[in-house]
Amino acid sequence: MKSAILGAACLVLCATAANAATATGGSFGALADGTKIDSVTLANGAGMSVRIITLGATLQSVIVPDKQGRKEDVTLGYDKAQDYLTRPNYFGVSVGRYANRIAKGKFSLDGKTYTLATNDGPNSLHGGAKGFDKRVWKIDAMSSGADAKVTLSYVSADGEEGFPGQMRATVTYTLNEKNELRLDYGATTSKPTVVNLTNHAYFNLSGNAARDVMGHLVTLKAERFTPVDATLIPTGERRPVAGTPFDFRKATPVGARIRDARDTQIRLGRGYDHNFIVDGKAGDLRTAAIVEDPVSGRVMEVRATAPGIQFYTGNFMDGTFFGKNQRSYRQGDAICLEPGVFPDAPNHPDFPSARLNPGQTYVNSMVFAFRTK
Ligand code: BGC
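These numbers were taken from a predicted model, which means no experiment stands behind them.

**Student:** Got a sec to walk through the sheet that holds strand 20 (residues 239-240)? Specific residues and values, please.
**Tutor:** The strand order across the open sheet formed by six strands is 17-28-25-22-19-20, and the pairing between neighbours is antiparallel. Each edge of the open sheet is held by one strand with a lone partner, namely strand 17 (202-203) and strand 20. Here five bridges tie strand 25 (residues 308-312) to strand 28 (residues 335-340), and the two strands are oriented antiparallel to one another. Within the sheet, the bridge partner assigned to Tyr312 lies in strand 28 and is Cys336.

This is the structure we're talking about:
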């Protein structure tokens, strides 16, 4: 009898423990034109929670405990939906159809040339004038349980922003009990096209952007990177990192070499704004980067299936953007680690391909795993 009662209690408690991750819907206000923006908060029993909003399928906040258990936000962003449109910094957004740059806003497929909006000097950046980050995505599904999940989708019309083919893009955010946040991007198309979907979170592990990230230790699992020209388009070279400020094969403070103007690539990027070629086999979910803030003790490991990862140190933030909690963001206040194919791949036949054909399903998966040290 006694054990039956204990058994029943365990059933309840164990079920609670095993189902600790929750997905909860809410509102994130409205845009200036009245369009309502929804939110979904994924939370687990280990103290982590993230908020995703339907505008740009954006990761609006990532709250993670530090070594003392203090729960603070480790991403930059805005408190109001309209700011994501008015002040384009791509904070935490889902970038598409093509993350990063396409030279001169032009590429060819099967002998036909396509022209995109040039919104970054002579080049197209992050999908053009109104990329996927500025579109309102639809919530397709959300669930609580051992993991908390939400799936969002956006259908991009044939010819939108100059890209061929109607594209259906999806992203599933999954939070588990191990403080791992997984993002699975997917896409299908009605005509041959190019695609590079990723997330553009700006991480600052100090919590609530209390300090800049120059003291964060970064490891990049990359033997080589792709140098750029003066407009940040890859030259085509795959340069070994050995002996350069781009060697992060061992954990190194971000700020250690960021001002080393003897290196032309540091000059051109105003710091780090480069694609690193992730070691190992693309398609395998392998460790691409590790970031550690020695003060808060927070550690973030990035695992990715993509061939490359863009390492960007917020070089264009100039103190004129006021983010969450009325915080002014300045150069070097965050690290972006954006897994994807290489910038301008559509114009580099020898880079891993960004082409997507009808009948194929594009996949780009990444995990941001948090722990403390
Ligand atoms: C690019 C930067 C760009 C930034 C915009 C990054 O992915 O590499 O050059 O300024 O996005 O937020």
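**Student:** Hey, could you go over the site of the ligand for me, with residue numbers and the actual values?
**Tutor:** Close to the ligand lie 13 residues; Arg101, His126, His200, Tyr202 and Asp273 are nearest. Between an oxygen atom of the ligand and a side-chain N or O atom of Asn100, the distance comes to 3.1 Å. His126 is positioned such that a nitrogen or oxygen atom in its side chain is 2.9 Å from an oxygen atom of the ligand. Burial of the ligand by the protein chains amounts to 95% of its free accessible area of 310 Å². Grouping the amino acids of the shell around the ligand by side-chain chemistry returns five nonpolar, five polar and three charged.

**Student:** Got a sec to walk through unusual backbone geometry? Specific residues and values, please.
**Tutor:** Following Gly96, the chain continues to Arg97 via a peptide bond in cis, the omega torsion being -5°. Relative to the assigned elements, Arg97 resides in the loop between strand 6 (94-95) and strand 7 (101-102). A positive phi angle, close to 50°, is found at Asp110, a residue other than glycine. Structurally, Asp110 can be placed in the loop between strand 8 (106-109) and strand 9 (112-115). Given the relative accessible area of 60%, Asp110 is considered exposed.

**Student:** Requested: an account of the environment of Ala222, with residues and values cited.
**Tutor:** Turning to its location among the elements, Ala222 is positioned in the loop between strand 18 (217-220) and strand 19 (224-226). Taking relative accessible area as the criterion, Ala222 reaches 4% and is therefore assigned buried. Once the C-alpha coordinates of Ala222 and Thr58 are considered, the two residues, 164 residues apart in sequence, prove to be 27 Å apart.

**Student:** Explain the sheet that holds strand 1 (residues 22-30) to me, using residue names and the numbers behind them.
**Tutor:** The antiparallel open sheet is built from five strands, whose spatial order is 1-2-3-4-5. Of all strands in the sheet, those bounded by a partner on one side alone are strand 1 and strand 5 (71-73). Strand-to-strand, the axes of this sheet are offset by a mean angle of 20°, without reference to chain direction. Inspection of the sheet shows strand 1 paired to strand 2 (residues 36-43) by seven bridges, in the antiparallel sense. Looking at strand 2, one finds that Ser27 is bridged to Asp38.

**Student:** Can you explain the side chain of Glu301? Please cite residues and give values.
**Tutor:** Among the secondary structure elements, Glu301 is positioned in strand 24 (residues 298-304). Using a relative accessible area of 11% as the deciding quantity, one classes Glu301 as buried. Of the polar contacts made by the side chain of Glu301, one reaches the side chain of Thr287; its length is 2.8 Å. Not counting residues up to four positions away in its chain, the partners in contact with Glu301 are Thr287, Ala289, Ile290, Val367, Phe368, Ala369 and Arg371.

**Student:** How would you explain the confidence of the model for the protein chain if you had to name every residue and give the values?
**Tutor:** As a note on interpretation, predicted positions should not be read in detail where pLDDT is low. The pLDDT averaged across the protein chain works out to 95; a share of 95% of its residues lies at or above 70. A low-confidence stretch, residues 1-17 stays under pLDDT 50, and its non-local contacts, those more than four residues away or across chains, total one contact.

**Student:** Please give an account of the nonpolar core that cites residues and values.
**Tutor:** Leu42, Tyr173, Phe276, Met300, Phe311, Leu337 and Phe370 are the most contacted members of the largest nonpolar core, which has 61 residues in total. Element by element, the count of residues in this core is highest for strand 13 (residues 167-175), at five residues. What Phe311 contacts, discounting residues up to four positions off in sequence, is Val218, Leu220, Phe248, Tyr272, Asp273, His274, Phe276, Ile335, Cys336 and Leu337. Ranked by size, the runner-up nonpolar core spans 23 residues in total, among them Tyr84, Val93, Val95 and Phe321.

Criteria and cut-off values
Residues numbered from 1 in each chain as written. Predicted model: local features only at pLDDT ≥ 70, side-chain atom pairs only at ≥ 80, totals over all residues. Heavy atoms only, no water. Pairing = 2+ DSSP bridges. Helix = DSSP H or I, 4+ residues; strand = E, 2+ residues; numbered from the N terminus. Near = heavy atom within 4 Å. Polar contact = N/O pair within 3.5 Å; in protein donor to acceptor, adjacent residues only side chain to side chain. Areas by Shrake-Rupley, 256 points an atom, 1.4 Å probe, with all protein chains shown as cover. Nonpolar A, V, L, I, M, F, W, Y, C, P; charged D, E, K, R; others polar. Buried < 20%, exposed > 50% of the residue type's maximum accessible area, 1.4 Å probe, protein only. Axes fitted to C-alpha atoms, helices over the stretch in contact; angles between N-to-C directions. Contact = heavy atoms within 4.5 Å. pLDDT = per-residue confidence, 0-100. Core = buried A, V, L, I, M, F, W, Y, C linked by side-chain atoms within 4.5 Å.

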